[in-house]
Amino acid sequence: MVLMKLSAASFWALVALAVALNAGRALTQSNNAVKEKLKVMVLYESLCPDSVRFINSQLGPNYDALKDYIDVTLVPFGKSKSINNNGLYQFFCQHGPKECEGNREQLCVLQQTTDQEAQVNFVVCQMRKRDVIDIRECAESFGLSSDIDDCMHNGLGTSLQLESERVTNLYKPQFVPTIVYDGVFDQQLQDNSLRDFRGTVCYLLQRRGDISFHSEVCQ
């Protein structure tokens, strides 16, 4: 083993170098880190005209431009409610039994994947259809299975609806659809979103420092 005696000047030079290298690594890690996306939750109903309008005129047309910046969660439940009859659950929906079936079908398709783009595209497609409970075309168009009988008629479908009810009840929506950003409901953002979803998202992204005021995504 060779022992080297360092002068004070050499010692502090090495310390300075080590600090600089660590700072450089930290900066690189910071630059490489993926910034958390803006969380957007949409509480809606499969047969609600206002839900159809928002998804088809606001979320759908603007999703591609915003998808790199937002993390969308779709919750088809709205003003529905469940009743527990000795362990057997019944669901009652604002627009009748067909809406309950439509909500459940969408949940059974959505739970197949964590691919947000496939989920959003499926729901946008499905909400344009006149027959909301015919999911074959929209599911298969985006690589999802339309074979959901097991989910619809066993405990999974019920569990999905109960979880959607739990999440929806956290916000107690007075209007459907309700749009929640980063887990906090704000009435002004809600009102703005119904008229200008893209502008509202851009405002929040700019406020977070995710994009500049002149970003192309908001033009």
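Our structure is the block above this text.
The paragraphs below set out a description of the structure included in this document. (Residues numbered from 1 in each chain as written. Predicted model: local features only at pLDDT ≥ 70, side-chain atom pairs only at ≥ 80, totals over all residues. Heavy atoms only, no water.)

This paragraph deals with the pairing of strand β1 (residues 38–44). One face of the sheet, then the other: side chains in a regular strand alternate in exactly this way. Burial of β1 is extensive: six of the seven residues sit out of reach of the surface. Two strands pair when backbone bridges link them, and β1 and strand β2 (residues 70–76) are joined in this way by seven bridges, in the parallel orientation. Looking at β2, one finds that K39 is bridged to D71. Crossover connection from β1 via helix α2 (residues 49–66) to parallel β2: handedness right-handed. Bridge analysis of β1 against strand β5 (residues 178–181) gives four bridges, and the strand direction is antiparallel. Bridging across to β5, M41 finds its partner in V180. (Buried < 20%, exposed > 50% of the residue type's maximum accessible area, 1.4 Å probe, protein only. Helix = DSSP H or I, 4+ residues; strand = E, 2+ residues; numbered from the N terminus. Pairing = 2+ DSSP bridges. Right-handed = clockwise from strand over helix to strand, strands pointing away.)

Look at helix α8 (residues 187–195) against helix α9 (residues 197–208): their axes get within 5 Å of each other, and the N-to-C directions meet at 135°. With respect to their mutual orientation, α8 and α9 come out oblique. Between α8 and α9, the contacting residues are L189, N192, S193 and R195 on the first element and F197, T200, Y203 and L204 on the second. Its residues assigned to classes, the contact of α8 with α9 comprises four nonpolar, three polar and one charged. (Axes fitted to C-alpha atoms, helices over the stretch in contact; angles between N-to-C directions. Parallel < 35°, antiparallel > 145°, perpendicular 65-115°, else oblique. Contact = heavy atoms within 4.5 Å. Nonpolar A, V, L, I, M, F, W, Y, C, P; charged D, E, K, R; others polar.)

Below, the discussion takes up the sheet that holds β1. Sheet architecture is open: three strands sit in the order β2-β1-β5, paired in mixed fashion. Looking at which strands have only one partner, the edges of the open sheet turn out to be β2 and β5. If you compare each strand with its neighbour and ignore which way they point, the axes differ by 20° on average.

A cis geometry characterises the amide bond from V176 onward to P177, with omega recorded as 10°. Tracing the backbone shows P177 in the loop between α7 (155–169) and β5. The phi dihedral of D182 is positive, around 50°, even though this residue is not glycine. Summarising the element assignment, D182 is placed in the loop between β5 and α8. Residue D182 is classed as partly exposed on the basis of its relative accessible area, which comes to 37%.

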